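# Structural characterization, general
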Number of protein chains: 2
Amino acid sequence: MLDGLFRPRAVGVIGASANPYSIGHIVVRNLTRYGFKGPVFPVNPKGGVIRSMQAYKSILDVPCDVDLVNISIRNTFVPGVLEECGRKGVKFAIVHSAGFKEVGPEGEELEREMVATAHEHGIRVFGPNSQGIQNADPEVSVYANFTFVPQKPGNISIIAQGGGMGEMLKLHLHNVGLGHRMYCSYGNECDLTMPEILAYYGQDEGTRVIMMQTESFKDPRAFLEAAAAITPHKPILAIKAGRTSEGSLAVSSHTGALVDQVTMAEAMYRQAGVVQFTDTHEMIKAAIAMSTQDAPPGNRIGIITNTGGPGIQAVDESVNQGLELAKWSDAGTAKLKEALFAEASLGNPVDVVATADHNHYHAAVSTLLAEADTDMVMVFFVTAPFTDIDAIAMRIKEATEGSDKPVVVVVETFSENYRLIENLRAADLPVYEFAEDGARALAALNRYALLRERPREDVPDLDVNRDAAETIVARYRGRDTYLPQAEAFDLLAAYGVSVPRMAVVAGADDLETAAKKVGFPCVLKVDAAEVVHKSDAGGVVLNLADMAALQEAFAAMHAAIAGPDVSYLLMEQKSPGQELILGAKASPGLGSLVMFGLGGIFVEVLKDVGAAVAPLSRPEARELMRSIKGYPVLEGLRGQPGADLDALEDLLIRVSLLAGDFPDIAEMDLNPIFAYPAGQDPTAVDVRLRIS
Amino acid sequence: MLDGLFRPRAVGVIGASANPYSIGHIVVRNLTRYGFKGPVFPVNPKGGVIRSMQAYKSILDVPCDVDLVNISIRNTFVPGVLEECGRKGVKFAIVHSAGFKEVGPEGEELEREMVATAHEHGIRVFGPNSQGIQNADPEVSVYANFTFVPQKPGNISIIAQGGGMGEMLKLHLHNVGLGHRMYCSYGNECDLTMPEILAYYGQDEGTRVIMMQTESFKDPRAFLEAAAAITPHKPILAIKAGRTSEGSLAVSSHTGALVDQVTMAEAMYRQAGVVQFTDTHEMIKAAIAMSTQDAPPGNRIGIITNTGGPGIQAVDESVNQGLELAKWSDAGTAKLKEALFAEASLGNPVDVVATADHNHYHAAVSTLLAEADTDMVMVFFVTAPFTDIDAIAMRIKEATEGSDKPVVVVVETFSENYRLIENLRAADLPVYEFAEDGARALAALNRYALLRERPREDVPDLDVNRDAAETIVARYRGRDTYLPQAEAFDLLAAYGVSVPRMAVVAGADDLETAAKKVGFPCVLKVDAAEVVHKSDAGGVVLNLADMAALQEAFAAMHAAIAGPDVSYLLMEQKSPGQELILGAKASPGLGSLVMFGLGGIFVEVLKDVGAAVAPLSRPEARELMRSIKGYPVLEGLRGQPGADLDALEDLLIRVSLLAGDFPDIAEMDLNPIFAYPAGQDPTAVDVRLRIS
């Protein structure tokens, strides 16, 4: 448990200084200014007075138990100080100091030394190169962090790798008067990890929403498990920095992390039920809605406005975000007609017209919330000069009481009327400035609802021959090499993947037997690690109709491509089906990712490939199939039969089991697979598979 | 010229009232509060005192010439009052009153009457059902509008159909201290039109940027011409309300306009060089950048930050928006190395690190702006406690002086330091709160640059046989009917579109002659208006290899489908090529739109179709081809030859000329076209063509 970190009884600030620009000074100031409930002990070997407090020369001089220390002294002094902290019985050390892993091998060594010292004494280290933590819970009110945003209690907790981004999230909650619950920006993550903190937030009753920013995952599997345990109960909203290759390189130069964790992050977020964002402000606005509003029971939005244009913007953005426009019952329409002006428009959006007053708004909001087929409501209000804005806020609030459906309000007004916004916020209603923002916030709530409610099942226990697979993998383990085609196909077959009939051909003498096994028409392929692009090298001949054609083709191929490592493979020629690609890639720290897409232009032009963490449950396999833009092709277009989706689901699971069972499979690329209409198994007709 | 509207010498307010919530009162207040340079004359038949001014009983009593009146009296009284205004010599009347076209036929009749009365007296009517106009030019300072945002001079002019949206645009410029130049929200557009006002803004020297919101286009061609004349000199930023079908319906119920103008709007915006947006706030933020920054010479962005995370967000969003990360010259890198801290990161983003001061920022900004291969610069700054924020603003300003390249600043700070933001804005630097916003604003400047600089050519004068086409069209004009296939193909051929060889077959006796003309293999098709889905009805037989097969097919088809209006067509069977679709659709008030896309899944699954206004110049035809996601397929994938792009360009132009020359062609659908590698003409193998 991390109570010693987030609910410390006393805090020591090692490196506290009278210099008001120093980190140690600012931490003392933040702890005292925001009313930390325990005592704060500035520590400085030179003693002195810091913000009217007498500094202690050593943590050992402090007269009571200290759970947490903030350390902002020179990097090389840290291990020594931790030694003292250990003797003092300190439980957690926030290390602000930089100059560790992020600066190269020397710093890395120092970091290891620091962690070793800490662990000898049972101290957990947060950081180094970190901002610190906050817990605005009024029972604790700890601001053990050197940033500038005032602390105010709220119910959104923040966990950010980057300090600048964490502060940004905090700042914009503050700007709308919301504050936050717990906060941390964790820097180098040398000991205490992000997933541990996430799990702690998950258990915290005062945390309703979690916002996170991540640059790189140190322990992806731990993150996945921690997040998946939380999202059924409370939403996690996430941004992964570096979603473009250029951004990924920037992450790398910022944190020294491996590039290209973005596919992994997206797959993990989906599997864990984390709501993903790419835009910082959009995530903040969604968190604001989630901090007071429940997830909607469905995706049907009702919109109320007193001016046309913003209502249309709301419609456009809602539809764009996957929401549907609700339709009112006859009774609901009658109620609106009775309550509103004759000029009002009773469709969706309801346009109450500019002259509508607080009672019109009350009627419209309460009517829509009472509609069984309306799942959420957005209220737009431009302050007309003749409207009582205090009454508007009160009546909208009253109309929402007793309903669990989410409501957001968009207000168009200027500074003279800002108390309207404050009143609505005080009534726990999220307020935005643009109709699009309201629509996106509600759509984010809907995304969370969909993630939370999707079916969860165990990975199915399919009949696979793990022993047979192990025998093949064992032959190549540790050699970091591509498997010969024949063995790669055997490996797939061991896991129940449908493959063409085939036979290895060492020389012309084998042709007759091979052809008997495989049948005509057939395909002759060279099978050699060096010949990667087989077709280009003349190493594939298709459509061999009879023995004569086969012999001729073999003679030509043997003359062109031969050598000690070269063999040949005769394969059944499958009739063409819908081309798919399916692959897996080892993902260090997580296991394997499964990749799926349609072949041809979908992958080449549109990069239309989905990824998921192996192994897959049935709903996860379906979700992966549905995640690609080309999914309608699989369902069948214009009365065409489409692919056998059950068989495809089975195939995805089998490949995911193989990848999951053998993390030594560095990469596996089934390309193409031919998928067929119902009743015919999808078949892998080519495979590349590398064992590490 | 609209000087009488936007630069009136005197304004009468007809319907002025002492009721502070009435429109007439608010207009008087706005005119006087913001210091209109001419006299204001409240007019009320009851007389009385309005805001300390004696009201006149009639406009005829006003003692001097009045250019402009605002009218907010009951709808039925308006024509009578306009009669008086006419006698007074009023030039422009803003009609705020509602109850005209928007309420149905009766209002429509009243609107016609009003316009007729006005035109008898040489009055131009603005509105009705409109908010009014503003011109913040200090020489005029006219706020003839009943809204609440304070008026402050700026250089962005706004034209909005919807009042709520217009006010929103104005409000958020005000919120960042920018103000605006001219403003109008034009309501029903009964007389004075949006394109006229746009043209006036275009000529106004004080207008640097134009922002517009449109729900429906009353005269699309006039808009296209007005906008195209402006965008080479100043940017127009636009939102079209109703971009989804649901939103389009909402527009329809708001304005009574035809639905589905969105494709037309997008085609017009592109052709006119208008920068399109779908998000209101994003458009406002782009306008803010354009109000002080020039368009960049290229798309390469340089990013400076003092904290990692937001720098990465800036990279991700920049790349996502089509910008490239600039690379520094060796000299530039050396300069950065010399000027910055040792821990600074000298790549892109340049991370000057949190402890950087104003001189570090100055060095980074001036170095990047001096780099030949850097086209624009984004500066991110989080206020570290030890930084002199006044010096930061000053030094960043100094670094940008003397450079025409656009610079935006993103500041992360809280209310205590807001003077930093004010100082930067006072230095004409756009300031944003999020890195993504800065990247998007620069990307919008780049989009404007690309639109402005794209090649403009006349529509080429190709050899087409207009007389032959006219002969065919004349036979069907006014009948609103589909052409028989044979004639539709003849029409295409008259404009030089390549079509298969073909012959009409009336009965079995014609088969021999027809086959001689067409050759084998060939295709037999039924050609009857009723049989729209020919293939489904068994009305198409492909791959007829010889006379016997043809005779058999004809006998079967004739037995299945016969009748007085049925004929048959024998066509050359073209070898399959890349399937394309090309079409045209009459677009009332504009002419015709040309639609282009790849066939099959691209159109069916991805709706990947581009549109442009007919006729097309060569660069416009190329742009239309490039606008679809599937364009790489046309260029050729994986070493495949791709389509003959010159021949395709020619085809698009020919079809656009046909559509442009014959607005009677209500729709034309060439689906599929087979495109081939260079040297072989793309050929239309099926066509549906309706003449209205």
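Our subject is the structure listed above.
Residues numbered from 1 in each chain as written. Chains lettered and ligands numbered in written order. Predicted model: local features only at pLDDT ≥ 70, side-chain atom pairs only at ≥ 80, totals over all residues.

## Quick notes on the environment of Ile653 of chain A
All names here are of chain A. This is how it is decided: The way it works is that DSSP assigns letters per residue, a run of H or I at least four long becomes a helix, a run of E at least two long becomes a strand, and they are numbered from the N terminus. Here contacts are defined at the residue level, using C-beta atoms placed from the backbone and a cut-off of 7 Å between them.
Residue position: Ile653 is located in helix α24 (residues 645-661). On a C-alpha basis, the gap between Ile653 and Val459 in space is 8.2 Å, while along the polypeptide they are 194 residues apart. If we skip the residues at most four places from it in the chain, Ile653 touches Pro460, Leu462, Leu616, Arg618 and Ala621.

## Some thoughts on the pairing of strand β28 (residues 609-613) of chain A
Residues and elements named next belong to chain A. Our working rule: Neighbour density around each residue's C-beta defines its exposure: 20 or more other C-beta atoms within 10 Å make it buried, 12 or fewer make it exposed, and counts between make it partly exposed, where C-beta atoms are placed from the backbone. In short, DSSP must find at least two bridges between two strands for them to pair.
Here β28 lies mainly inside the structure; four of its five residues are buried. Across five bridges, the pairing between strand β27 (residues 591-598) and β28 is antiparallel. Bridge assignment links Leu593 to a residue of β28, and that residue is Val613.

## A word on the relation of the copies chain A and chain B
For clarity, the threshold we go by: Copy-to-copy alignment: least squares on C-alpha atoms, limited to residues at pLDDT 70 or above in both.
Superposing chain A onto chain B takes a rotation of 180° plus a shift of 0.0 Å along the axis, which leaves an RMSD of 0.1 Å. One copy is carried onto the other by what is essentially a two-fold rotation axis. If distances are taken from each C-alpha of chain A to the rotation axis, the shortest is found for Phe602 of chain A, at 4.7 Å. Taken as a fraction of all interface residues of chain A, those also at the interface in chain B reach 100%, which identifies the copy contact as same-surface.

## With respect to the packing of helix α11 (residues 308-320) of chain A against helix α5 (residues 163-175) of chain B
Quick reminder of the rule: Axis lines are fitted to C-alpha atoms, over the contacting stretch for helices. Their N-to-C directions set the angle, which ranges from 0 to 180 degrees. Angular relationships are summarised with four words: roughly parallel below 35 degrees, roughly antiparallel beyond 145, roughly perpendicular across 65 to 115, and oblique for the angles in between. Three categories are distinguished: nonpolar for Ala, Val, Leu, Ile, Met, Phe, Trp, Tyr, Cys and Pro, charged for Asp, Glu, Lys and Arg, and polar for the others, with Gly belonging to the last.
Orientation of α11 of chain A relative to α5 of chain B, taken along the N-to-C sense of each, is 85°, at an axis distance of 5 Å. As far as their axial angle goes, α5 of chain B and α11 of chain A are roughly perpendicular. On α5 of chain B, the residues touching Gly308, Gly309 and Pro310 of chain A of α11 of chain A are Gly164, Met165 and Met168 of chain B. The residue makeup of the contact of α11 of chain A with α5 of chain B, split by class, is three nonpolar, three polar and no charged.

## Some points on the interface of chain A and chain B
Contacts between chain A and chain B engage 60 residues on the former and 60 residues on the latter. Of all the secondary-structure elements, those providing two or more residues to the side of chain A that touches chain B are α5 (163-175), α8 (245-255), α10 (280-290), α11, α21 (601-604) and α23 (631-635) of chain A. Sorting elements by how many residues they give to the side of chain A that touches chain B places α11 of chain A first, with ten residues. Of the residues contributing to the side of chain A that touches chain B, the split by class is 27 nonpolar, 22 polar and eleven charged.

## Structural notes on the packing of helix α7 (residues 220-230) of chain A against helix α9 (residues 262-272) of chain A
Residue and element names in this part refer to chain A. Selection rule: By the definition used in this description, the sense in which the near helix is turned from the far one sets the handedness, with an anticlockwise turn below a right angle giving left-handed and a clockwise turn giving right-handed.
Relative orientation of the contacting elements α7 and α9 amounts to 25°, with a least axis distance of 9 Å. Judged by the inter-axis angle, α7 sits roughly parallel to α9. For the crossing formed where α7 meets α9, the hand is right-handed. Mapping the contact onto sequence places Pro220, Phe223, Leu224, Ala227 and Ala228 in α7 and Met264, Met268, Gln271 and Ala272 in α9. A class-by-class count of the residues in the contact of α7 with α9 yields eight nonpolar, one polar and no charged.

No statement about biological role is implied by the geometric values presented.
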